[in-house]
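# Fold and geometry: a report
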Amino acid sequence: MPLTRVLVAEDDPDIQTVIRLSLRMKGVKQIVITENGEDCLAQVKTVNPDVILLDVMMPRLDGYQTCERLKANPETQNIPVIFLTAKAQQFEVKKGMATGALGYLTKPFDPMTLHDQIVTLLDQKGTP
Amino acid sequence: MSDHGPISTEALHSQVLESFLSGILGVDWENRIVYLNQALASRLGVQSADWIGKPVEGLGGIIEPRLTHAEAFRSGLIWQHEAETFKSREVEFVEAERVLHFREDSYPLRDPSGAIHGRLFVYTDISRAKAIDRMKTEFLAIASHELRTPMTSIKGSIDLILSGFAGDISGETHELLDIAQKGCDRLVRLINDILDLSKIEAGQIKLKLAPMDITEVVHISMRGVKSLADQSKVSLRLYHPEHLPEVEVDKDRMVQVVTNLLSNAIKFSPADSEVRVEIQTGDGWIECCVGDQGCGIAPEDAGRVFGKFQQFGEKKKGGTGLGLAITQALVLEHRGKIWLESRVNEGSKFIFRLPLGKG
């Protein structure tokens, strides 16, 4: 199933651009970029995304806390969350997955396959 | 000049022991204290002379309330049953509300005839080394994160330009961007390898040991390097006896070991040659040999192949220079050993041996 709407929380403007272009190249129509976890939570109901991509190290509210809040809220708990982060150590992956995320992708990622990796993760879980 | 005569050997030994910063405790077969040096006595707030000949349990009563794992410490004091062997372990000791780390080395206490009379315990404060190690690991984790972020922008941008998504590019531009892309990929591998090696060296990886058929590990590794072998026109062969015992390994880590050895062997192999993996087993061990028909390694270089950032041969082979250091560290973590047998112009064999049965 094709991705239509993706909500991204990423504080680095250059990486925001790479993510946006990478997903647009594969035909994703709506890519909403937010700068931190708080803005992501504020946008989630409006965007109603197929998937949320979360960085971990962000100002105001980090990725782990953001995912925990998304999963604690009945209105957002079913939206799949995938971490996209430079925190690549095993204990960090475990910590991220323990927050209820669907997947954990590490930086640097391959912009040519990012879309397909997201779709594979969503398909494995039978969503969207 | 002094008028005094030469110092006796006994007095000299005594002064040497008393001047040690490490704590030293000697205990006989009946668990009586036969020696307690100044460093340990001061640390425990006791006078050494008051304790000579007394049961060690009394001293244990002073030590144990200050240990973070008192029960483990007490069980370690049952030295009579293992009196022949050297033992080493770490002990955490609380002093002024700080947890200090000590290494406890214990040895059989022997008389001049070699007969064992008890046990000698040496306590060395390793708190500073531990703290430095922790800081090094933290630094590497932060450095790794901080390097990955700009690498993501650089690699992502190059990959997107090369895909043609941002418009057509000339052949020369493509060639130059290819070079930049390869450099990025190499930097990423380097960051991963540095982090991996530092974690293994700091004892921070926990092996998930499970009994396995080693040939399965080799098959997985061979599949992983197949495209590299095909590109290099090198064939891969596995030879092994029909029946092999299972060996306790961490599957992913052992695949990493064999993959590293295979990649190296392929990189140093001439076209149309063969890389052979041979499995052997013997009394309590299993051995895996990865051999190539490449240029070999000169005897004067053989001693440093497992060192960090070592490169051999005339051409750079695109590795990070950490592969064999990681390979060796992982084999050692499996209680195994690894070595090289090589002849110039005939090829190299990297052989690792793992113990069978639980450690």
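Sequence positions are assigned chain by chain, starting from 1 and proceeding in written order. To label them, take the chains in the order written and letter them from A, then take the ligands in the order written and number them from 1. Residue-level local features of this predicted model are given only where pLDDT is at least 70; pairs of side-chain atoms are given and counted only at 80 or more, and the full residue set underlies all totals for whole chains, interfaces and linings. The basis for every side-chain value is the complete set of non-hydrogen atoms in the structure, without hydrogens or water.

In this section: the overall build of chain B. Helix and strand definitions here come from DSSP, where helices need a minimum of 4 consecutive H or I residues and strands a minimum of 2 consecutive E residues; each element is numbered from the N-terminal end. When helices and strands are counted, chain B shows 12 helices and 12 strands. A simple rule labels every residue: compare its accessible area, found with a 1.4 Å probe on the protein chains alone, to the largest value its type can have, and call it buried under 20%, exposed over 50%, or partly exposed in between. Per-residue burial over chain B gives 39% buried out of 359 residues. For chain B, the share of sequence-separated contacts (at least 6 apart) that also reach a separation of at least 24 residues comes to 59%. Summed over its atoms, the accessible surface of chain B is roughly 20300 Å², and 54% of this surface lies on carbon and sulfur atoms. Every residue pair with non-hydrogen atoms within 4.5 Å of one another is taken to be in contact. All accessible-area figures derive from a Shrake-Rupley calculation using a 1.4 Å probe, and residue coverage is judged against the displayed protein chains alone.

From N to C terminus, chain A includes five helices and five strands. Evaluated residue by residue, chain A yields a buried proportion of 52% over its 128 residues. Across chain A, the fraction of contacts at a sequence separation of at least 24, relative to all contacts at a separation of at least 6, is 60%.

With 18 residues of chain B at the contact, the number on the chain A side is 19 residues. With both chains or domains summed, chain B and chain A bury close to 1700 Å², and 72% of this area falls on carbon and sulfur atoms. We count a salt bridge whenever a side-chain nitrogen from Lys or Arg sits within 4 Å of a carboxyl oxygen from Asp or Glu. For the pair chain B and chain A, the interface holds zero salt bridges. At the level of secondary structure, the elements contributing two or more residues to the side of chain B that touches chain A comprise α6 (127-162) and α7 (171-201) of chain B. In terms of residue count, the dominant contributor to the side of chain B that touches chain A is α6(B) (12 residues). In terms of residue class, the side of chain B that touches chain A is built from six nonpolar, seven polar and five charged. Once two parts are brought into contact, the accessible area they lose, counted with a 1.4 Å probe and summed over both, makes up the buried area. In this classification, Asp, Glu, Lys and Arg are treated as charged, Ala, Val, Leu, Ile, Met, Phe, Trp, Tyr, Cys and Pro as nonpolar, and every other residue, Gly included, as polar.

Right, let's talk about the pattern of salt bridges for a bit. Per the counting criterion, the structure on display carries 24 salt bridges over all chains. Of the charged contacts in the structure, one is a salt bridge between Lys107(A) and Glu10(A), with a shortest N-O distance of 2.7 Å. Of this pair, Lys107(A) sits in the loop between β5 (103-106) and α5 (114-124) while Glu10(A) sits in the loop between β1 (5-9) and α1 (13-25), and the two are 97 residues apart along the sequence. Accessibility assignment for this pair places Lys107(A) and Glu10(A) in one class, buried. Residues Glu216(B) and Lys251(B) are paired through a salt bridge, measuring 3.9 Å at the closest nitrogen-oxygen approach.

Side-chain rings of Phe, Tyr and Trp, where Trp is taken by its six-membered ring, are said to pair if the distance between their centres is within 6.5 Å; with planes under 30 degrees apart they count as stacked, over 60 as edge-to-face, and otherwise as tilted. One pass over the full model with this rule turns up four aromatic pairs over all chains. Judged by centre distance (5.6 Å) and plane angle (40°), the ring pair of Phe83(A) and Tyr104(A) falls under tilted. Of this pair, Phe83(A) sits in strand β4 (residues 81-85) while Tyr104(A) is found in strand β5, placing the two residues 21 residues apart along the sequence. Overall, the relative accessible area of 0% leaves Phe83(A) in the buried class. Geometrically, the ring pair formed by Phe306(B) and Phe350(B) is edge-to-face, given 6.0 Å between the ring centres and 85° between the ring planes. Placement of the pair is Phe306(B) in the loop between α11 (299-302) and α12 (323-333) and Phe350(B) in strand β12 (residues 347-355), with a sequence separation of 44 residues. Neither Phe306(B) nor Phe350(B) differs from the other in exposure class; each is buried. Three or more aromatic residues joined by ring pairs make a cluster, and in this case those are Tyr64(A), Phe83(A) and Tyr104(A). The lysine or arginine in question, Arg276(B), covers the ring of Tyr239(B), its NZ or CZ lying 4.2 Å from the ring centre. Only when the NZ of Lys or the CZ of Arg is both within 6 Å of the ring centre and within 35 degrees of the ring normal is a charge said to sit over the ring.

What follows concerns the confidence of the model for chain B. Any region with low pLDDT has predicted coordinates that should not be read closely. The pLDDT averaged across chain B works out to 86; a share of 92% of its residues lies at or above 70. Of the two predicted TM-score estimates for the complex, the pTM is 0.65 and the ipTM is 0.80. Note on scores: pLDDT gives the predictor's confidence for each residue, bounded by 0 and 100.

This part covers the side chain of Ser106(B). Mapping Ser106(B) onto the fold places it in strand β4 (residues 98-110). Polar contacts, as counted here, are pairs of nitrogen or oxygen atoms within 3.5 Å of one another; within protein the pair requires one atom able to donate a hydrogen and one able to accept it, and residues that are adjacent in sequence qualify only if both atoms are side-chain atoms. Reaching out from Ser106(B), the side chain makes a polar contact with the side chain of Arg119(B) at a distance of 3.1 Å.

Once that is clear, we can look at the sheet that holds strand β3 (residues 51-54) of chain A. All names here are of chain A. Within the open sheet, the five strands sit side by side as β2-β1-β3-β4-β5. Their pairing is parallel. Two strands bound the open sheet, and with one partner strand each, they are β2 (30-34) and β5. Here the average twist between neighbouring strands, direction ignored, is 20°. All axes here are fitted lines through C-alpha atoms, helices being fitted over the stretch that makes contact, and every angle between N-to-C directions spans 0 to 180 degrees. Packing of α1 onto the sheet brings it into contact with β1, β2, β3 and β4, and relative to β2 it is tilted by some 170°. α5 contacts β3, β4 and β5 of the sheet and is inclined by roughly 160° relative to β5. One requirement defines pairing of two strands: DSSP has to find at least two bridges between them.

What follows is about α12(B). Taken together, the buried positions of α12(B) are Leu324(B), Ala325(B), Ile326(B), Thr327(B), Ala329(B), Leu330(B) and Val331(B). A positive backbone phi angle near 60° is found at Arg335(B), which sits one or two residues after α12(B).

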